[in-house]
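Residue-level structure breakdown
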2 protein chains.
Amino acid sequence: MRSQAEGSHPDLVAAMHHLIDAGGKRVRPTIALLIGSMLGADVQPLRNLAAAVEMLHTATLIHDDLIDGALLRRGMPTLNAEWSPAATVLTGDFVFARAAKLAADTGSVTVMQMFAQALSTIVNGEITQYFRSRGIASREDYYQRIYAKTASMFELASGAAAVLSPVRQPVVEIARRFGYEIGMAFQIVDDVLDFTEEQTTVGKPVASDLRQGLITLPALYYYENHPHDPHMQSVIERNGHSGNQLEQLVEAIRESSAIEQSLIEAEAYVQRALDILAEMPATPENEALAELALYIVKRKI
Amino acid sequence: MRSQAEGSHPDLVAAMHHLIDAGGKRVRPTIALLIGSMLGADVQPLRNLAAAVEMLHTATLIHDDLIDGALLRRGMPTLNAEWSPAATVLTGDFVFARAAKLAADTGSVTVMQMFAQALSTIVNGEITQYFRSRGIASREDYYQRIYAKTASMFELASGAAAVLSPVRQPVVEIARRFGYEIGMAFQIVDDVLDFTEEQTTVGKPVASDLRQGLITLPALYYYENHPHDPHMQSVIERNGHSGNQLEQLVEAIRESSAIEQSLIEAEAYVQRALDILAEMPATPENEALAELALYIVKRKI
């Protein structure tokens, strides 16, 4: 990832190092590396894929943070907090370009196609969310949204790693499915944590999604359980509401069974991912993937 | 290009059709199609390449117009003139994604690598221009700038078309060189037209580059011929200057030999492009490419 900055403008090199230093969990490249190692992929193309996936993720975050006006990410200032919108847009574009270069350097046309398709899905999802209509609060809509936002990239990480491995097409499909399941679980848990964690831990206010009018799974379950809650209806219709009403709603969701319902659903996704692993080669990487899948739901604690 | 919008959000489909309907000269895909046909490339991968190149160009224009705050492009409102910055950034990203998908659909890893490299070069060039220091006015700097901005994509169009053709590596290199030469000529003529054409024709004020502090070839030749012109020095140092001083400078450049010097240089690039064609297969496409190369300098009239 660092080598992708070489030879570019000094400010761009600095920005890319800043982004890489900010860290993050690196879940996506870890999945790519583990799946590929488990299935016997060559090291160098696999590394290129892992770096490509993480950089694609980084590029989308750069533009997302700019659009949302987010000032912190992973406890460090976002690029847009320190740079102009113009420089931020261009840096995101550059990271996209380098991610695409790394994807091409896997030497696989199929990986490139999956990469470009995942990027299309992610961006289309963001646009759909941006132009979303009022008054829609359905689980179907939610699943589409988190697939586009998160699971599509997990699917890319695991599916493309399988493409780089000496396995047949059905195994590629199963690997994609593994990425899909843990990607969905990952985002659901993220959405639960947005309600349950304290501001100091995540660095943003509790229920930041709901405050922005974004209805995630805990709010959806709460709504299904309390279809006539007037505060919930106000949020969905974006009719405006007092801060006090919102705090009451957040508290009600935090203390409701919606949190547990959401986690049970995430666990079901993880269980399906574990079932898939049980049919894969029993290597140390397989065990590590199982641990990673379990970590995804356990990190709530 | 139109088919790349299918299945995405209706607003995105509308935006992409708007962008495609806005037209443009389509010089880059025309070069790709002619080079590939001349050298015997298969039709379908070549079409994908041509569409990929044009969409990559479109994507960079979307973000450029946003950054520059441009309200018109090709006589039609830009996306950012009608949409929010957020929606404009995302639409540019989506067009990048679809361009990458088309490049992958050529089935050539080498084409994908060239595509990603060209995108990196273009964006790095934009960032370099964005962060450029005061007081620099050198031709070396200018050539680097127009290579990144324009010639790199012409190089991609012609070089990648050769990659898709049943020819050996030296022919690919020669095809790239052809793209480089006409790309450089194309941008120089664009920069001359910025001085010589009237506002009504190009839809923006005469010498819009100079007004933004951007020193192009006519200004550079003028500066070499008049190194002590105080108005020119003010522009280069960005010390601020009155509107009247700037008008005098624009007039002086327009009436100077710098215009003719620039055009002679563009003609030299075109001549090298014609010399390359003379060594290529003598097909109807070759004749069309020669016409296109000549048109690039003739459109000054």
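Residues numbered from 1 in each chain as written. Chains lettered and ligands numbered in written order. Predicted model: local features only at pLDDT ≥ 70, side-chain atom pairs only at ≥ 80, totals over all residues.

**Observations concerning the overall build of chain A**
Heads up, the rule is: Each helix corresponds to a stretch of at least 4 residues labelled H or I by DSSP, and each strand to a stretch of at least 2 residues labelled E; elements are numbered beginning at the N terminus. For the radius of gyration, the atoms used are the C-alpha atoms, and the globule rule reads 2.2 Å times the number of residues raised to 0.38.
Scanning chain A from terminus to terminus reveals 15 helices and two strands. Relative to the compact-globule value of 19 Å for 301 residues, chain A shows a C-alpha radius of gyration of 20 Å, a close match. Based on the C-alpha atoms only, the size of chain A along its principal axes is roughly 55 × 50 × 30 Å.

**With respect to the interface of chain A and chain B**
Just so we agree on the cut-off: Note on contacts: residues are paired as contacts if their backbone-placed C-beta atoms lie within 7 Å. All amino acids are sorted into three groups, where Ala, Val, Leu, Ile, Met, Phe, Trp, Tyr, Cys and Pro are nonpolar, Asp, Glu, Lys and Arg are charged, and the leftover types, Gly among them, are polar.
With 36 residues of chain A at the contact, the number on the chain B side is 36 residues. For the side of chain A that touches chain B, a count of residues per class yields 21 nonpolar, nine polar and six charged.

**Some details on the environment of Ala293(A)**
The residue Ala293(A) is located in helix H15 (residues 284-298) in this model. Separated by 110 residues in the primary sequence, Ala293(A) and Gly183(A) have C-alpha atoms spaced 9.5 Å apart.

**Quick look at the relation of the copies chain A and chain B**
Short version of the rule: Here the copies were fitted onto each other by least squares, based on C-alpha atoms from residues at pLDDT of at least 70 in both.
In the superposition of chain A on chain B (RMSD 0.0 Å, axial shift 0.0 Å), the rotation amounts to 180°. A rotation of that kind, with that shift, is consistent with a two-fold axis. Considering only C-alpha atoms, the part of chain A nearest the rotation axis is Val109(A), at 2.9 Å. A share of 100% of the interface residues of chain A reappears at the interface of chain B, consistent with the copies meeting face to face through the same patch.

**Notes on the packing of helix H3 (residues 43-68) of chain B against helix H5 (residues 85-104) of chain B**
All names here are of chain B. The test is simple: Helix axes are fitted only over the stretch in contact, all axes being lines through C-alpha atoms; the angle between N-to-C directions runs from 0 to 180 degrees. In what follows, roughly perpendicular refers to angles from 65 to 115 degrees, roughly parallel to angles under 35, roughly antiparallel to angles over 145, and oblique to any angle outside these ranges. The handedness criterion is simple: a crossing whose near helix is rotated anticlockwise from the far helix by less than a right angle is left-handed, and one whose near helix is rotated clockwise is right-handed.
Their axes nearest at 8 Å, the elements H3 and H5 cross at an angle of 160°. Regarding the angle of H3 to H5, the classification is roughly antiparallel. Two packed elements cross with a definite hand, and for H3 against H5 that hand is left-handed. Here H3 contributes Asn48, Ala51, Ala52, Met55, Leu56, Thr58, Ala59, Ile62, His63 and Leu66 to the contact with H5, which in turn contributes Pro85, Thr88, Val89, Thr91, Gly92, Val95, Phe96, Arg98, Ala99, Leu102 and Ala103.

**Examining the confidence of the model for chain A**
Residue and element names in this part refer to chain A. Note the threshold: Every residue gets a pLDDT, meaning the predictor's confidence in that residue, from 0 to 100.
Across chain A, the average pLDDT comes to 92, with 97% of residues at 70 or higher. Averaged pLDDT values for the elements of chain A fall to 59 in helix H9 (residues 199-202) and rise to 98 in helix H2 (residues 27-39). Scored by ipTM, the complex comes to 0.90, with pTM at 0.92.

**Details of helix H1 (residues 10-21) of chain A**
Worth spelling out the cut-off: What a helix should span is 1.5 Å times the count of its residues minus one.
Over its 12 residues, H1(A) extends 16 Å from the first C-alpha to the last, a length consistent with the 16 Å expected when each residue adds 1.5 Å. Its buried side turned inward, H1(A) meets helix H3 (43-68), helix H4 (79-82) and helix H5 (85-104) of chain A together with helix H6 (109-130) of chain B. Looking one or two residues beyond H1(A), the residue adopting positive phi is Gly23(A), at roughly 75°.

**Observations concerning the packing of helix H7 (residues 139-163) of chain A against helix H8 (residues 169-196) of chain A**
Two measures define how a pair of helices packs: the angle their axes make with one another and the distance between the axes. All names here are of chain A. Viewed as axis vectors pointing N to C, H7 and H8 meet at an angle of 150°, and their least axial separation amounts to 7 Å. Crossing handedness for the pair H7 and H8: right-handed. Looking at the contact of H7 with H8 residue by residue, the class counts come to 17 nonpolar, six polar and three charged.

**A look at the environment of Leu46(B)**
All names here are of chain B. Keep this limit in mind: Residue burial is a threshold on neighbouring C-beta atoms within 10 Å of the residue's own C-beta, all placed from the backbone, with 20 or more meaning buried, 12 or fewer meaning exposed, and counts in between meaning partly exposed.
With respect to the helices and strands, the residue Leu46 is situated in helix H3. Residue classification places Leu46 among the buried positions, given that 24 C-beta atoms sit within 10 Å. On a C-alpha basis, the gap between Leu46 and Pro29 in space is 9.4 Å, while along the polypeptide they are 17 residues apart. The residues touching Leu46, leaving out its near neighbours within four places in the chain, are Ala32, Leu33, Gly36, Ala41, Ala161 and Leu164.

**Structural notes on the nonpolar core**
Defined as follows: Each nonpolar core reported here comprises buried Ala, Val, Leu, Ile, Met, Phe, Trp, Tyr and Cys residues connected via C-beta atoms within 7 Å.
If you look at the biggest cluster of nonpolar residues, it comprises 200 residues, and the most contacted ones within it are Phe115(A) and Phe115(B). If near-sequence neighbours (up to four positions away) are discounted, Phe115(B) is found in contact with Ala52(B), Leu56(B), Ala103(B), Leu156(B) and Ala160(B).

**Topic: unusual backbone geometry**
Despite not being glycine, Ala207(A) shows a phi value in the positive range, around 60°. Here Ala207(A) shows up in the loop between H9 and helix H10 (208-211). Although it is not a glycine, Arg26(B) sits at a positive phi angle of roughly 55°. Residue placement: Arg26(B) occurs in the loop between helix H1 (10-21) and helix H2 (27-39). A tally of 13 C-beta atoms within 10 Å means that Arg26(B) is categorised as partly exposed.

**Focus on H2(B)**
Residue and element names in this part refer to chain B. Taking 1.5 Å per residue as the helical rise, H2 with its 13 residues ought to reach 18 Å, and the 18 Å between its terminal C-alpha atoms agrees with that figure. Listed as buried for H2 are Val27, Arg28, Pro29, Ile31, Ala32, Leu33, Leu34, Ile35, Gly36, Met38 and Leu39. The secondary structure elements touched by the buried residues of H2 are H3, helix H7 (139-163), helix H8 (169-196) and helix H15 (284-298). Directly after H2, the chain includes Gly40, whose backbone phi takes a positive value near 90°.

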